[in-house]
Every structure is written in C-alpha cells, then in structure tokens.
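Summary of the model geometry
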Amino acid sequence: MFSLSSFLDAFWPLTMAARYTLLVSGLGIALGLVIGAFVCVLALSKSRVWRTVAAVWVSYLRGVPMLVQLLVVFFLLPVIGIDVPAIVGAVVTTAIVASAYISEIWRGAIMALPKGQTEAAIAIGMRPRDSWTRIILPQAVALSIPQLINELILLVKASSLVSVVGVMEITRASQAQAGVTFRPLEAYLAAACLYLAINLCLAALGRWLEHRMAV
Amino acid sequence: MVEASSVEIRKVNKYYGQFHALKDIDLTIPPGKVTCLIGPSGSGKSSLLRCINFLEEYDSGEVLIDGQLIGYETPGGRRMAPRRLRQMRSTIGMVFQQFNLWPHMTAQENVAEGLIRVRGMRKPQAMERAAEALTRVGLADRMGNHPSRLSGGQQQRVAIARAVAMDPRLMLFDEPTSALDPELVGEVLNVMKALAAGGMTMVVVTHEMGFAAHVADQVAFLEAGELVGVDVPSRILREPEDPRIQSFLRTYRERNVI
Amino acid sequence: MDLSIFTEYGPRLLAGFRLTIICWLLGTVFGAALGLLIAVAQRYGGRSVRWALQTYIELIRGTPFLVQLFLLYYGGPMIGLRLDPLPAGLLGLTIYGSPYFAEIFRSAFRAVPPGLIEAGRAIGMTELAIVRRILLPVGLVSALPALINFSIILTKETVILSIITVPEIMYQTQYMATMTFTFLEGYFTLALFFWAFVEVISRLGRRLERRITRHLIERT
C-alpha cells in the first residue's frame, strides 16, 4: 500500500540530490550555449568545409541516444588520459549534446528573420559587424528564448540518465532511497514530483521571459 | 539644402540564372527630379531600383551616381571595396515596400541607429536629430513607440524619416505604398510630395498612377526586363505611342473604375 | 580491437537490434494511437475531460522517461501491477510518447480549415462522419512530418529500456562489453550504428512524406 510518510521522507534526500540535477543541466546549457554559438557560426559560414563540419557534428549528436553518448564519453576520458569525476563527464556530454540542438535553434532564429531587416541595414551603409550586433543578434536571441528554455527542460529530464554513471542526482538518489526503504513507488513518485516542480518553474520562467521580450 | 545626385544607367543587364531580368537598360535620372518606374509586376522595375544602390548586383553595364560607378572598381571589373560601397550607400536613402523597420527599437532609435553606427554621431545628438526627422514626417508624438504599435502608414513614415535623417542626395522608393491599406496611402504620398518639393532626387517604383501623373518629372515604363519608354507623365500616361503601354494603362483603368 | 568478438556476439546483437526495432515500431503505433485518442477527446470532450487530459500531458512531459519506467517497473508491483521488463517497457514507451503525439494531432486538427468542417455540416454530415471523412484524413496528412520526426526521437529513447533489463541492442552491447572488457569500442560502435540507423530512417521518412503529399496534390 502507498505510504504517505515514506513518500514525504523521500523528499529531503532527493532535494539535496536536486543540486546535482541542476548543476548538470545548468552547466550543460551554459557550456552548450557557448559551443552551440561556435557551431552555428560554422553552419552559417561561406566555406563548404566548415558547413560540413557543423552538419556532421549536429547530425551525430542528434542521431545518437544520449545514454550511449554518455557511456562513450565516460569510457573515453580515461583512455585519453583524463581522469576526472563522473560528474565532469556528465556535464561535458550534456553540453556537447546541447550544443547541437542550440546551434540549430539559433540558426533557425537567424534564418527566420526577414531578409529586409539586413537589407535596411546594408542600404543605410552599416558595417556587417554592426548589422550583426545591432540588428540580427538582438532579434534572433529574443526569438530563441522560448526554445532555449524548452531545451533546458529537456536537459533537466535527460540529466536523469547520468544516474547510470553514478552521479548522485535526483534519479540516483531515488534509487538509493528505494533500496534502503524497500518503497520504490514512494521514492520514484517523489522523484517525479521534484522533476515536475523544477520543470514547471522553468516553464513559468520561460513564459515570463517571452512576455518581457515581446515588443 | 543638400545637393541632389544624378544617376546614369548605361546598358545594364541582370540575370537570375537563365532568366534575363534586365535587358540593356539605359536611363538618365536628372538631379532634383522625381522619376517613377512603372510597369506590370515582374517587369524588372524593382530589380532596376535595387541596382542603383547595388542591393542587387547587375551583371554588365554601368550605374553611375554623380558620375561615380557603384559596385565595381571599373565597368565589368573587380568588386568595389566594401568600405567605399558603404560610403556611397550612406548617401542613398532607401524605402522598402515592407518598411523593414527594426522591431526591437523604438521609432526614434530606428532613425538614430544609422546616424550613430554609420555617421559616427554621439547618441544624444543622433536622438535629437531623429526627433527632428520624425517631427518633419508628423510623428513627433510617436517617437517612443515600437513599430508594432504603429499603423502601416506611420511605420512607412518612420522608414522615410530613417532614410532622410542620413541627409541623402538621392532617395529610392520600392513600392512604398503597396503594403498599405488604401486609407493610409495618402499620408505617405504627402510626405513624399513634400520631399520632392524640397528638391530631392527621387526614384519611385509605384503602382500609384495618380502620384506618377502629378508628382513625377519623368515616367519610365518597363516590361519583361525592357525599358519600353521614358517621357514626361503628360505624354507617356495620356497619349502613349507604344501598344504595350497602352494596354497596361487600359488594364489599370478598367481595374480602378468603380 | 579484436573484431572476432563481433562474430561471437553477433547473433545476440542482431537479436537486440530486432527487439529495438520492435519496441520502436510498437511504441510509435501504440503511443500514436493513445495520442490520437487524447487529441480527439480533447476536441470533443467537456471542460473536465479537457482539464484532466491536459494535466496528464503536463505530468508526463514534465518528468524523465527513466523515472516513469522505474515507477512502472519497480513501483507498479506495490499497487498490484506486475509486469515483465518488455511489457513494462512497451507500456512505458506508449505512455511517454502519448502526450507528444497528442499535441501533434491537436495542432494538426487545429490547422484543418474550419470551412472544410462547415462544408461537411452544410451537406448534413454527422459529427462522427466529419471526424472520419474530413478531420482525420486532412489532419493526418498535415501531421505526418511531425509524426515522423517524433517517431525518430522515440528510436533513441528505446535504449533507456536497457536499464530495466529489456534485452534490446543497448542491453546486448552492455553484455558484450562487460564480458569482453570492450566498453569504449562497444559503445562507440553502437553510437556509429545508431547514427547510421537514424540517418537512414530520417531519409526514408522524408521520402514517405514526399510521396504522401504528392498524392494529395495530385488528387486536389
């Protein structure tokens, strides 16, 4: 039978573990934004070679399940002589996978701008650098905010997979809790509630930002 | 009064792949006068207009602004240095069919942006100048609004102010009233008339025959990439000799009879 | 790396891949069916039905697939739901996919021009006939690209079933890796394999999409 007290008891250890969920997904998206910006620049470059590099990067990272990528990175790092805690591998994998999606989000946002926006800048005699920093990027970034928030929500959920390599985040902690109390239903339900709470907050943040950015 | 530019178009050809969009166009646009480009859609009039500030690259021939070739170092030669091209463009104002205002900036910021980035003006001066330009087009009370809060006619007047604030010697209008609801066309045409009266060289692609008839100094008719005729409006619009112009005007009148 | 391990474990891997495909196809079909049901119920149901379904959608979309699987597989027995790994996995995939499918159908239905429905009513069609003869055929075609797209996302989710010991390809790779200590090689090969697999089905999906839309254009 469902035990309310063990359900409630599970929240304290899981909330502690949520720090790692937030760390992995938060750092993941932050680094993903940086790498994604580079990939996006390559994808929009005039050189065919750079465009191909970007296309392969995006296609590989979007084609391979995150769990598989996580294990590849986890076993690759020691082989190439990098001995770091599992959480570093988790953050690296998350960031790299996120970069593929983020670069596509930004590319899409930039391509979605009407051509006339840059034409007006060119016609007035603006330098390409100014038309990027003043006209294109401010609009593309605002346009991409809802999708970036959505990506962050996806990452929070995907971070449950790093439990597999032993990072003590929400899912791993709920497994531990279930193992100790023999109450898996309550432990996993508590985990689900915690994820839901985080994601509802992020969704609300997204709506607020979208509302603020809308001109 | 700033001096007004002249434009000399000589043997200009333009291809889109196999499609021959502009065929050996010769046209002289005198300083301080209004030239209207008319013709059926797809005739190449917008392409020709966009060749004047090299937004569209022509493949052969010459476009000279005050005797200076735009886009190329020499006729048929290398592309012009970007910096020089930008410098030439900054003296040519352009107004688009879709306004192309920057939606993340207020009306005033839209006008000031070019002054700051291109003219190197300081922000306070640029904003002051933008305010003057907006006042001249009758939008003194709308300066702080974003484009989405303005009607189409107001947006297009902001776009004109944005171009005029740069002190251009030549203004290009690409179907400036085609995207507007009929009741908003007048306010934009009035601003354009005032500009014309001030002695600005203007090239206007338009479907507004009334504007062409009353404001233009010369009207050029294009069809299928060819310049069919150029003349003063009274002759070309009232007693055209070429059957292609006659049939275009007949269709136009039939469509506009209520 | 010693390639002979692939011959030794080949049959296992192949069986795993077959199961992956089965999970993917069944997960797509069941998930889409449930999603369609939800979308239709949301369109025609009352306020409370709509609210309940929207809550279900938010709950499923707000939680990770892995946690849903754990709840089902480990938590289920505590309320009398005792499932083997494979049925639990399939049920999990169906539930996980259903809200996404529902959203796809919902927006496709919303994109059906109201005039088409009104035309049906005008000639006296019943609501059921309108759903069967107008809403579904027109909506499904416009939903197709998104359906294919989400189905491809589902292929990648199937590997998570390995965590509750469904013997699909990830599980078999893990088995091989553990037995032969070829972790990096094994997982990297699996990554390349999946990459190729997803590329192939994406291309097939695009072709299918073109064929079906072309058919539509010819008929109208």
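Residues numbered from 1 in each chain as written. Chains lettered and ligands numbered in written order. Predicted model: local features only at pLDDT ≥ 70, side-chain atom pairs only at ≥ 80, totals over all residues. Heavy atoms only, no water.

You'll find chain B entered in an unreviewed UniProt entry as Amino acid ABC transporter ATP-binding protein, PAAT family, with Paracoccus solventivorans given as the organism. Looking at the Sequence similarities (unreviewed entry) heading of the UniProt record, one finds this comment for chain B: "Belongs to the ABC transporter superfamily." (UniProt positions renumbered as here; feature names shortened; annotations may be inferred.)

Within an unreviewed UniProt entry, the label attached to chain A reads Amino acid ABC transporter membrane protein 1, PAAT family, and the organism entered is Paracoccus solventivorans.

Points about the overall build of chain B
Secondary structure summary: chain B contains nine helices and 10 strands in total. Relative to the compact-globule value of 18 Å for 258 residues, chain B shows a C-alpha radius of gyration of 18 Å, a close match. Counting only C-alpha atoms, chain B reaches 55 × 55 × 35 Å along its principal axes. Looking at chain B residue by residue over its 258 residues, the buried ones come to 53%. The contacts in chain B between residues at least 6 apart in sequence include a share of 63% that link residues at least 24 apart. Just so you have it, chain B exposes about 11,600 Å², and 47% of that area is on carbon and sulfur atoms. (Helix = DSSP H or I, 4+ residues; strand = E, 2+ residues; numbered from the N terminus. Rg over C-alpha atoms; globule rule 2.2 N^0.38 Å. Buried < 20%, exposed > 50% of the residue type's maximum accessible area, 1.4 Å probe, protein only. Contact = heavy atoms within 4.5 Å. Areas by Shrake-Rupley, 256 points an atom, 1.4 Å probe, with all protein chains shown as cover.)

A closer look at helix α7 (residues 128-158) of chain A
Relative to the 45 Å expected for 31 residues at 1.5 Å per residue, α7 of chain A spans just 38 Å between its end C-alpha atoms, considerably shorter than the ideal helical length. The largest bend along α7 of chain A reaches roughly 45° and is located at Ile-145 of chain A, with the proline Pro-146 of chain A sitting one to four residues downstream. (Expected span 1.5 Å × (residues − 1). Bend = angle between axes of the 7 residues up to and from the residue.)

Describing the sheet that holds strand β4 (residues 60-65) of chain B
Residues and elements named next belong to chain B. If you walk across this open sheet you meet the four strands as β2-β1-β4-β5, and the pairing is antiparallel. In the strand order of this sheet, the two ends are held by β2 (19-29) and β5 (68-69), each with one partner. Looking at chain direction, β4 and β5 are connected through two bridges and run antiparallel. Bridge pairing in β5 links Leu-64 to Leu-69. Packed on one face of the sheet, helix α1 (residues 45-52) meets β1 (7-16), β2 and β4 and runs near 60° to β2. (Pairing = 2+ DSSP bridges. Axes fitted to C-alpha atoms, helices over the stretch in contact; angles between N-to-C directions.)

Some details on the domain arrangement of chain B
Size of an interface, as often reported, equals the accessible area lost when the parts are brought together. Residue and element names in this part refer to chain B. Domain boundaries in chain B define domain 1 (1-91 + 171-258) and domain 2 (101-167). Each of domain 1 and domain 2 has a C-alpha centre, and the two are 25 Å apart. The partner domain 2 presents 13 residues to the 11 residues of domain 1 that form the contact. Of the roughly 990 Å² buried between domain 1 and domain 2, counting both surfaces, carbon and sulfur atoms make up 73%. Considering only the side of domain 1, the residues that lose the most area to domain 2 are Ser-90, Glu-187 and Val-191, jointly responsible for 41% of the buried surface there. Counting across the domain 1 and domain 2 interface gives one salt bridge. A salt bridge links Arg-157 to Glu-187; the shortest N-O distance between them is 2.8 Å. (Domains from an automatic or database assignment. Buried area = accessible area lost by both parts, 1.4 Å probe. Salt bridge = Lys/Arg side-chain N within 4 Å of Asp/Glu carboxyl O.)

Examining the packing of aromatic side chains
Under the criterion given, the structure shown has 25 aromatic pairs over all chains. The interplanar angle of 25° and the centroid separation of 5.6 Å between the aromatic rings of Phe-75 of chain A and Tyr-187 of chain C together place this pair among those described as stacked. In this pair, Phe-75 of chain A sits in helix α4 (residues 66-79) while Tyr-187 of chain C sits in helix α8 (residues 183-219), so the two residues belong to two different chains. Relative accessible area serves as the criterion here: at 3%, Tyr-187 of chain C is assigned to the buried category. (Phe/Tyr/Trp six-rings, centres within 6.5 Å; stacked < 30°, edge-to-face > 60°.)

Overview of the UniProt feature "domain: ABC transmembrane type-1" (unreviewed entry) in chain A
Residues given the UniProt feature "domain: ABC transmembrane type-1" (unreviewed entry) here are residues 18-206 of chain A. For residues 18-206 of chain A, the helix share is 84%, the strand share is 0%, and the end-to-end C-alpha distance is 20 Å.

Quick look at the sheet that holds strand β7 (residues 170-174) of chain B
All names here are of chain B. A sheet is described by the order of its strands in space; here six strands give the open sequence β6-β7-β8-β3-β9-β10, paired in mixed fashion. Of all strands in the sheet, those with a lone pairing partner are β6 (92-95) and β10 (226-231), marking the two edges. Strand after strand, the sheet turns through a mean of 15° between neighbouring axes, direction not considered. Two strands pair when backbone bridges link them, and β7 and strand β8 (residues 201-205) are joined in this way by five bridges, in the parallel orientation. Each residue of the ladder has a partner; that of Met-171, found in β8, is Met-202.

Thoughts on the layout of surface pockets
By volume, the second largest pocket amounts to about 720 Å³. In terms of lining residues, the second largest pocket is bounded by 22 residues, among which Lys-46, Ile-122 and Pro-128 of chain A together with Arg-79 and Arg-89 of chain B are the most central. Only α6 (115-123) and α7 of chain A together with α2 (82-89) of chain B provide two or more residues apiece to the lining of the second largest pocket. Its residues assigned to classes, the lining of the second largest pocket shows 11 nonpolar, three polar and eight charged. (1 Å grid on protein atoms, 1.4 Å probe; cavity = no way out; pocket = protein on both sides within 12 Å on 5 of 7 lines; lining within 4 Å. Points joined across faces, edges and corners; volume = space filled by probe spheres on them. Nonpolar A, V, L, I, M, F, W, Y, C, P; charged D, E, K, R; others polar.)

Points about the interface of chain A and chain B
With 19 residues of chain A in contact, the opposing surface of chain B contributes 23 residues. Each partner contributes to the roughly 1,900 Å² buried at the junction of chain A and chain B, and carbon and sulfur atoms together form 61% of this total. Inspection of the chain A/chain B interface yields two salt bridges. A salt bridge links Glu-119 of chain A to Arg-50 of chain B; the shortest N-O distance between them is 2.6 Å.

Details of the interface of chain A and chain C
Across the contact, 34 residues belong to chain A and 33 residues belong to chain C. When chain A packs against chain C, the two sides together hide about 2,900 Å² of surface, and 80% of this comes from carbon and sulfur. Ranking the residues of chain A by area buried against chain C places Lys-157, Leu-185 and Tyr-188 of chain A at the top, with a combined share of 19%. At the junction of chain A and chain C, the tally comes to zero salt bridges. On inspection of chain A and its partner chain C, the count reaches seven residue pairs in polar contact (both at pLDDT 80 or more). Contributing elements (two or more residues each) for the side of chain A that touches chain C: α3 (48-63), α4, α8 (170-181) and α9 (184-213) of chain A. Sorting elements by how many residues they give to the side of chain A that touches chain C places α9 of chain A first, with 10 residues. Partitioning the side of chain A that touches chain C into residue classes produces 23 nonpolar, seven polar and four charged. (Polar contact = N/O pair within 3.5 Å; in protein donor to acceptor, adjacent residues only side chain to side chain.)

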